[in-house]
Each structure stands twice: as structure tokens, then as C-alpha cells.
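Results of the structural survey
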Amino acid sequence: MILFPVEILFQILRFVAVKDLAILRGVCKYLHETVFEGSLLKRFVVNDSITFTDSDLSNFLMYANQLETLSLFRCSQITGEFTENLVPDKFVSLRVLNVAHTNINDKALCDILKNTHNLRCLWINDCPNINDKSVNTICSLSFLEEMYIGHTYLEDVTGLTTDGLFQIVANCSGIKRLKVANPNSDPR
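Our subject in this report is the structure included herewith. On a predicted model such as this, the values are computed, not experimentally measured, just so you know. (Residues numbered from 1 in each chain as written. Predicted model: local features only at pLDDT ≥ 70, side-chain atom pairs only at ≥ 80, totals over all residues. Heavy atoms only, no water.)

Concerning the sheet that holds strand S1 (residues 43–45)
Heads up, the condition is: At least two DSSP bridges between two strands are needed for those strands to be called paired. Helix and strand definitions follow DSSP, with helices as H or I runs of at least four residues and strands as E runs of at least two, each counted in order from the N terminus. Axis lines are fitted through C-alpha atoms, for helices just across the contact stretch, and the angle between N-to-C directions can take any value from 0 to 180 degrees.
Strand order in this open sheet of six strands is S1-S2-S3-S4-S5-S8, and the pairing throughout is parallel. What marks the edges here is a single partner per strand, and that holds for S1 and strand S8 (177–181). The sheet shows a mean angle of 5 degrees between the axes of neighbouring strands, direction not considered. Pairing of strand S2 (residues 69–71) with strand S3 (residues 96–98) involves three bridges; the strand directions are parallel.

Printed below as a string of C-alpha cells:
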């Protein structure tokens, strides 16, 4: 059998659909070890998908143990149910989390963040189900450098309030970049 060098295999597998990656683990020992025990699964990006669900993500996360980047940007079917059966240290290596434009909720966000000790970047803009319940968990992220918030707050209804935003700013001293898109007007 001819084996591709790992670097070439990684370049090829970047174009394989997420759902098909799970099938690859049963093809041969080389693919299983390379894909699921190697470094390919350190960065997982699914953007602009209306079909990618919490169930798909749960199936994938079973094999991703050293994930450093998780981007689910505009995956509108993601609600956070994938966190219900997570192993507590699943996201211990996570450095970048982008759940912008998803329907993830506070509980799921907190489940991810409570065991994420090295998170540097967090995108939670346009997440209608995230509110001040997650503020304390966000404030515990001691290495957080970048955060993107916007359209997340609907003051007096649901969402992240201005007070919650001020609490994050006051407690996350390492933040170098904070983008707040279209916040409610507040004279403070």
C-alpha cells in the first residue's frame, strides 16, 4: 500500500466534508491514526451551513481531542445540544471559539468555556440566546485577548445587557480587541 505523507494527506482532507471524515476512520488504520489521533483535528471550521447540526458536531467531537480552533460561524442549526454529553476536558486546548450567528445558548457556551483555560478569541455576535448568565464564565477567561459581541443584546428582553458588557470589560484585563457591533445606545 502507498501512503501519502501526512502533510499531503492533510491538504487533501481539508476538502472532505465533515460528515465524511467520521467515515474515514473505518477505512484503514493509517487514516484512523492520521486523522483522528494526529493533528488534523486541531482546527475545525464549518461556516455558512444550514444543514450542519448539533448531532453532526457531537459525532465529530468524539474524535477531536486536541481542538484549538472551533468555528461554527453562521451554522444556524447549532443550538448547543452538542454539549450535553461532552467529556469535561474536551475543550481544554481551545484557543479560538467562533459561534457567531448560531443559536447556541448560555448553558452550552458556559459548558464549553468552563474547561477552556487558554481561550484567546471569542466570537458571540448575533447569538440571540446568549445573555448575562454567561458573563461570569466569560470573565473567568484569563487569557482572552479578542472578543466580538454585537446584536447579542436586546436590553430588557433577552440577551447580553450593557451592564454585562461592562462587567466583561472590567474583569478581562487582557482584552486587546473588543468589537461591539450595533450596541444599544447607553449614555455611560
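Next comes the rest of the write-up.
Digging into the environment of Gln167
As a reminder of what qualifies: Contacts: residue pairs with any heavy atoms within 4.5 Å of one another.
Here Gln167 is to be found in helix H7 (residues 162–171). Through-space distance from the C-alpha of Gln167 to that of Asn136 is 8.4 Å; in sequence the pair is 31 residues apart. Aside from chain neighbours lying at most four places away, what touches Gln167 is Val135, Asn136 and Cys139.

Considering the pattern of salt bridges
Convention followed: Here, a salt bridge means any Lys or Arg side-chain nitrogen found within 4 Å of an Asp or Glu carboxyl oxygen. Accessible area is worked out with a 1.4 Å probe on protein chains only. A residue is then buried under 20% of its type maximum, exposed over 50%, and partly exposed in between.
Applying the stated rule across the entire model yields five salt bridges. The partner of Arg74 in a salt bridge is Asp48, with the nearest N and O atoms 3.5 Å apart. Here Arg74, found in the loop between S2 and S3, pairs with Asp48, found in the loop between S1 and helix H4 (54–61); they are 26 residues apart in sequence, far enough to count as distant. Arg74 sits in the partly exposed class, given a relative accessible area of 41%. Ionic pairing is found between Glu146 and Arg177, a salt bridge with its closest N-O pair at 3.8 Å. Here Arg177 lies in strand S8 and Glu146 lies in strand S5 (residues 146–150), a separation of 31 residues in the sequence.

Details of H7
Given 3.6 residues per helical turn, the α-helix brings residues three or four places apart onto the same face. Here is the rule: Throughout, the arc means that of the directions going from the helix axis to the C-beta atoms.
Buried within H7 are the following residues: Thr162, Gly164, Leu165 and Ile168. Projected down its long axis, H7 shows its buried positions confined to an angular sector of 160 degrees, all on one face.

Structural notes on the pairing of S5
Of all five residues that make up S5, four are buried, and the element is covered over most of its length. Bridge count between strand S4 (residues 121–123) and S5: three bridges; the pairing is parallel. Within the sheet, the bridge partner assigned to Trp123 lies in S5 and is Tyr148. The sheet contact formed by S5 and S8 spans five bridges and is parallel. Opposite Glu146, over in S8, you have Arg177 as the bridge partner.

Treat this as a map of the structure, not an account of what it does.
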